[in-house]
Amino acid sequence: MYVEKLQKKDYEELYYYLYLTRYADEIFCKYYKQGKLQENHHSSQGEEAVAVGSGILLRDDDYVVPSLRSRGHFWTKGITVREMMAGMYGKVTGPAKGKNTSHHMGDMARGVVCGSGIIGGALPVAVGVGLGIQKRGQDSVCLVSFGDGSTSRGDFHEAMNLAAVWKLPVIFVCENNFIAMGNSFKKEMAVDNVAIRASAYGMPGVTADGNDVLAVYEATAEAIARARKGDGPSLLEFTTHRWSGHGVKDPDTYRDRDEVEGYKKDCPLVNFNKHLIEKGILTVEEIAAVEQKVISVVDDAIEYAEQSELPTADIVSTNVYA
Amino acid sequence: MAEISVRQAIREAMREEMLRDEKVFLIGESIGPYGGCFKVTEGLWAEFGDEKIMDTPLSESAIVGCGVGAAMMGFKPIVELMFADFVTIGMDQLVNNAAKMKYLHDGDIDFSMVLRMPQGAGATMGPHHSQSVESWIMNIPGIKIVLPSNAYDAKGLLKSAVRDNNPIVFIEHKLLYNDKGEVPTGDYTVPLGKAKVVREGTDVTIIAYSYMVKIALQAAEMLAQEGINAEVVDVRTIRPLDIDTLADSVKKTEKAVIVHEAPVFGGAAGEIAAALQEKVFDYLDAPIGRIGAAETPVPYSQPLEHAYLPNAKTIAAKVREIVTPRWGGK
């Protein structure tokens with residue numbers, strides 16, 4: 001069990017990133033509705049444990065391809081809250097000086113691969129990054145995140161197949177929230193789960209509870225260990241639920257209210273908080289201190305973003321070509 | 001200088017670049033022991049093995065996307081598509097990833113990738129293996145588009161493309177693969193973004209690229225018999241477009257006909273004509289002529305395919321129309 005090796009500071013870190021994802025998300029939603037932000041936000045509330053529990057395992061020399069709702073993958077790879085917040089505001093201090101959104105930003109130096117606004121479009125790129133790792137002879141991995149919606153794209157099939165044929169160190173992480181924008185899971189696929197599809201490509205497929213950060217951690221750790229050894233890719237499916245509409249402005253009228261309220265009872269933060277207290281890993285005071293730290297980091301980022309300048313028109317045509 | 005075919009020239013460029021720079025490698029469908037759909041990579045697998053000559057499943061999206069990811073990792077992949085027609089399946093990776101990476105990192109990323117693909121009709125290969133695709137790709141800032149017309153340029157341009165830090169679409173014409181030309185044995189490059197006057201003339205400028213340069217030269221010979229002295233300019237790179245070289249020629253001849261194999265509507269000729277009139281409006285003696293294929297899918301059977309394609313006669317006819325004094329002469 002990889003989880004058994006976790007130290008107190010690791011638990012603190014996990015909780016820090018979970019709470020940061022939740023708190024920053026609340027700010028993003030609130031500020032977007034207030035018209036302060038330019039970037040259309042897609043809330044990850046209820047799904048935080050997937051990105052945090054998997055991203056925390058990545059080393060500096062590993063790569064991650066975050067998806068629409070996986071802010072935790074940015075934080076855990078060293079993207080600062082200031083950068084993200086400035087990006088949300090559309091400021092020049094944000095990703096690529098305002099040329100890219102924060103939720104698709106990339107920085108190869110920190111192992112964050114630019115995502116795609118085309119759902120599933122980043123999966124083949126992740127395969128190329130995996131190929132680059134293999135060619136360099138490194139024991140790094142590339143973890144690519146996507147939702148259940150992506151698995152209906154041809155790119156999912158092509159990328160899974162090629163990664164398996166070449167035994168590339170790619171970890172396919174499906175954040176299954178059982179809804180593709182407004183289309184429910186049963187209308188997406190005729191199989192019972194996403195992980196079963198792994199068998200078509202000759203790689204392991206695992207389903208785990210995406211609202212249990214330690215379950216995410218455990219399954220991811222195993223897949224990463226396998227990839228580092230040169231044994232190739234894995235498909236991990238983490239089941240979770242989306243608490244809000246697709247985007248901030250989506251009133252989510254197409255889902256049953258009781259159903260959505262039910263999801264909130266299985267909160268990844270509450271689940272982990274309980275675990276920390278019950279097992280005596282962290283005290284209530286220690287948890288409160290982590291939360292306070294998050295609040296001050298986010299407050300600082302808001303101030304930073306608000307004081308930053310907007311980009312000026314003179315850079316619109318720069319760096320299209322080398 | 002040795003005479004080698006365009007096919008050999010492209011192969012030599014890839015071979016020499018792989019020997020020069022360990023970051024260069026090839027991926028594509030059946031490019032290994034099979035030697036590629038048009039045998040362009042033949043022999044390379046035997047010399048370089050699986051690590052550098054990577055056979056892939058039939059997965060154009062994954063192949064192009066894989067090239068994107070490898071380029072972001074600092075490698076210099078040369079990606080081969082069997083037929084340019086298949087770029088439709090890799091188009092998302094090309095348009096939404098390859099073309100935008102520089103911009104989305106505000107320049108702070110390595111990105112060297114060449115996407116090679118053979119295009120063009122004339123081999124009775126039917127509607128899905130004969131199309132000319134350059135104008136599908138022209139409207140995408142961030143990509144360079146190269147279309148060589150001969151062996152010397154093919155080798156020199158491909159070497160420049162591999163060494164360029166941008167995504168490059170390198171379009172070969174399948175009817176040119178066997179065309180031989182003089183190519184030096186040592187290392188040389190032909191710069192991207194530079195057109196070339198391939199036949200000097202005084203009466204009209206015929207602007208062409210890829211296989212149509214060869215046909216334009218045939219048309220120029222026909223016209224010479226009639227006393228019309230045509231200049232032929234090979235565009236070589238349509239993005240970036242070397243409008244200055246084209247404009248200089250038209251300033252001299254005061255008339256222009258633009259030829260490509262793709263259908264005229266929405267084709268590169270429209271863009272070139274528009275760019276030209278902005279530069280040389282006061283010099284023009286006649287409307288700029290455009291010649292391309294018929295506005296149809298590429299038909300299969302030979303008589304239909306011939307009727308579809310531009311040829312030396314149709315080019316010459318268009319030139320005659322242009323050079324005939326429209327208002328009783330000057």
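(A) Summary view of the pattern of salt bridges. Scanning the entire structure with this criterion turns up 37 salt bridges over all chains. Here Asp139 of chain A makes a salt bridge to Arg59 of chain A, at a shortest N to O gap of 2.5 Å. Of this pair, Asp139 of chain A sits in the loop between α5 (123–136) and β2 (142–147) while Arg59 of chain A sits in the loop between α2 (48–55) and β1 (63–65), and the two are 80 residues apart along the sequence. For Asp139 of chain A, a relative accessible area of 37% translates into the label partly exposed. Note that Glu80 of chain B and Arg116 of chain B form a salt bridge whose closest N and O atoms lie 2.8 Å from each other. Residue Glu80 of chain B is found in strand β4 (residues 76–80), and its partner Arg116 of chain B is found in strand β5 (residues 113–119); the two are separated by 36 residues along the sequence. What makes Glu80 of chain B buried here is its relative accessible area of 6%. Take Arg116 of chain B: its relative accessible area is 2%, and that puts it in the buried class.

(B) Examining the packing of aromatic side chains more closely. Applying the stated criterion to the full structure yields 14 aromatic pairs over all chains. Ring centres 5.3 Å apart and planes at 75° place the aromatic pair Tyr16 of chain A and Tyr17 of chain A in the edge-to-face group. Taking the relative accessible area as the measure of exposure, Tyr17 of chain A reaches 14% and is therefore buried. Relative to Tyr201 of chain A, the ring of Phe156 of chain A has its centre 6.5 Å away and its plane inclined at 90°; by these criteria the two rings are edge-to-face. In this pair, Phe156 of chain A is assigned in helix α6 (residues 154–165) and Tyr201 of chain A in the loop between α7 (185–188) and β6 (205–209), connecting sequence segments 45 residues apart. Using a relative accessible area of 15% as the deciding quantity, one classes Tyr201 of chain A as buried. Seen from the ring of Tyr16 of chain A, Lys293 of chain A lies directly overhead, with NZ or CZ sitting 4.9 Å from the centre. One cation-aromatic arrangement involves Lys39 of chain B over Tyr34 of chain B; the distance from NZ or CZ to the ring centre is 3.9 Å.

(C) A look at the layout of surface pockets. Residue and element names in this part refer to chain A. Estimated volume of the largest pocket: approximately 440 Å³. Around the largest pocket, the lining is made up of 28 residues, and of these Leu68, Ile119, Phe146, Gly147 and Ser150 lie nearest the centre. Going through the elements one at a time, β2 and β4 (179–180) are the ones with two or more residues in the lining of the largest pocket. Here the lining of the largest pocket is composed, by residue class, of ten nonpolar, 13 polar and five charged. In this structure, the second largest pocket spans a volume of roughly 320 Å³.

(D) Representation of the domain arrangement of chain B within the structure. Residues and elements named next belong to chain B. What the domain assignment lists for chain B is domain 1 (2–183) and domain 2 (196–323). Relative to domain 2, the C-alpha centre of domain 1 lies at a distance of 26 Å. When domain 1 packs against domain 2, close to 2,200 Å² is buried across both sides, 57% of that on carbon and sulfur atoms. Summed over the three residues of domain 1 that lose the most area to domain 2, namely Thr124, Met138 and Leu147, the buried surface amounts to 25% of that side. Scanning the region where domain 1 abuts domain 2 turns up two salt bridges. Scanning the region where domain 1 abuts domain 2 turns up twelve residue pairs in polar contact (both at pLDDT 80 or more). At the level of secondary structure, the elements contributing two or more residues to the side of domain 1 that touches domain 2 comprise α6 (134–138), β6 (144–146) and α7 (151–163). A breakdown of the residues in the side of domain 1 that touches domain 2 according to their chemical character gives 15 nonpolar, twelve polar and four charged.

(E) Structural context of unusual backbone geometry. Residue and element names in this part refer to chain B. The amide bond that connects Arg239 to the next residue, Pro240, takes the cis arrangement and shows omega of 0°. Structurally, Pro240 is set in the loop between β12 (237–239) and α9 (243–253). Positive phi values are uncommon outside glycine, yet Lys39 reaches one of about 60°. In this fold, Lys39 is placed in the loop between β2 (24–28) and α2 (44–48). A positive phi angle, close to 45°, is found at Thr124, a residue other than glycine. Along the chain, the position of Thr124 falls in the loop between β5 and α6.

Rules of the game
Residues numbered from 1 in each chain as written. Chains lettered and ligands numbered in written order. Predicted model: local features only at pLDDT ≥ 70, side-chain atom pairs only at ≥ 80, totals over all residues. Heavy atoms only, no water. Salt bridge = Lys/Arg side-chain N within 4 Å of Asp/Glu carboxyl O. Helix = DSSP H or I, 4+ residues; strand = E, 2+ residues; numbered from the N terminus. Buried < 20%, exposed > 50% of the residue type's maximum accessible area, 1.4 Å probe, protein only. Phe/Tyr/Trp six-rings, centres within 6.5 Å; stacked < 30°, edge-to-face > 60°. Lys NZ or Arg CZ within 6 Å of the ring centre and 35° of its normal. 1 Å grid on protein atoms, 1.4 Å probe; cavity = no way out; pocket = protein on both sides within 12 Å on 5 of 7 lines; lining within 4 Å. Points joined across faces, edges and corners; volume = space filled by probe spheres on them. Nonpolar A, V, L, I, M, F, W, Y, C, P; charged D, E, K, R; others polar. Domains from an automatic or database assignment. Buried area = accessible area lost by both parts, 1.4 Å probe. Polar contact = N/O pair within 3.5 Å; in protein donor to acceptor, adjacent residues only side chain to side chain.

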